[in-house]
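Below, each chain spelled out in residue letters.
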Amino acid sequence: MTASPRGKRPMLVRLTEADLPSVVALEEAQGWPMGGSESSLGASLADPAAAVFGLMERDAPAEQGGLVGYAVAARLPFEAELQALLVDEARRGQGLARELLAAVVDQARDWGSERLLLEVRAGNAAAIALYRRAGFQEDGLRRGYYPPLPGAGHSPETTPPRQGGAADAAREDALLMSLALAAGATGD
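What you see is a predicted model, and the numbers here were worked out from it, not measured in a lab. (Residues numbered from 1 in each chain as written. Predicted model: local features only at pLDDT ≥ 70, side-chain atom pairs only at ≥ 80, totals over all residues. Heavy atoms only, no water.)

(A) Spotlight on the environment of Glu 138. Mapped onto the secondary structure, Glu 138 falls in strand 6 (residues 137-146). Of the residues examined, Glu 138 reaches a relative accessible area of 43% and is grouped as partly exposed. Sequence-distant contacts of Glu 138, defined by excluding residues within four places in its chain, comprise Arg 132, Leu 175, Leu 176 and Met 177. (Helix = DSSP H or I, 4+ residues; strand = E, 2+ residues; numbered from the N terminus. Buried < 20%, exposed > 50% of the residue type's maximum accessible area, 1.4 Å probe, protein only. Contact = heavy atoms within 4.5 Å.)

Pasting the structure below:
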């Protein structure tokens, strides 16, 4: 396990509406255009049918917030959905995304959800590998679902899979995945 730059592992916390500025600042710092609008993030933080987890630096000054990652889970009638997961780029490779994902899986189980659903950019190999290691199965593909990332010049190793058609050439597919949680539940 790699230690944080401060020498201590960030603390997993349940975020509240008061943490909205820290979540927005983290998204902006990472240039993450798909995380959602400030109003939708605020709604998730206030929604009793959602859980928003954060990883906070233990010794960070209050004015900096100290948020290094977060994940949003939504409770659905029979399932749960991972709606967002983001870790500060400088902190990746330390198991923080895995820790956030585990908190979301535990929450979905606590809700009694049969499956945990998610969608991910088809070209996001690191996230897909994380989800596969956690036991997620591929359920399908939404062709041309995501708009291109700003400044996305794709190298051959990161070029997303072929899109729907010529008009969608700049859009990226979404891979649909799920994790069975309840006994007898399948990815079907």
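Anyway, onward from the coordinates.
(B) Here's a closer look at the sheet that holds strand 3 (residues 67-75). Pairing within the open sheet is mixed, and its seven strands lie in the order 1-2-3-4-5-7-6. Because the sheet does not close on itself, it has two edges, and the strands there are strand 1 (11-14) and strand 6. Within this sheet the neighbouring strands show an average axis-to-axis angle of 25°, counted without direction. Where strand 5 (residues 115-121) lies against strand 7 (residues 172-180), seven bridges are found, and the strand directions are antiparallel. If you follow Leu 117 over to strand 7, its bridge partner there is Ser 178. Against the sheet, helix 1 (residues 20-30) engages strand 3 and strand 4 (79-87), with an angle of about 110° to strand 3. Across the face of the sheet, helix 2 (residues 38-46) comes into contact with strand 2 (50-56), strand 3 and strand 4 while running at roughly 100° to strand 2. (Pairing = 2+ DSSP bridges. Axes fitted to C-alpha atoms, helices over the stretch in contact; angles between N-to-C directions.)

(C) Focus on the side chain of Gln 30. Tracing the sequence through the fold places Gln 30 in helix 1. A polar atom in the side chain of Gln 30 sits 3.3 Å from the side chain of Asp 88. If we ignore the near neighbours within four places in the chain, the residues touching Gln 30 are Leu 86, Val 87, Asp 88, Glu 89 and Arg 92. (Polar contact = N/O pair within 3.5 Å; in protein donor to acceptor, adjacent residues only side chain to side chain.)

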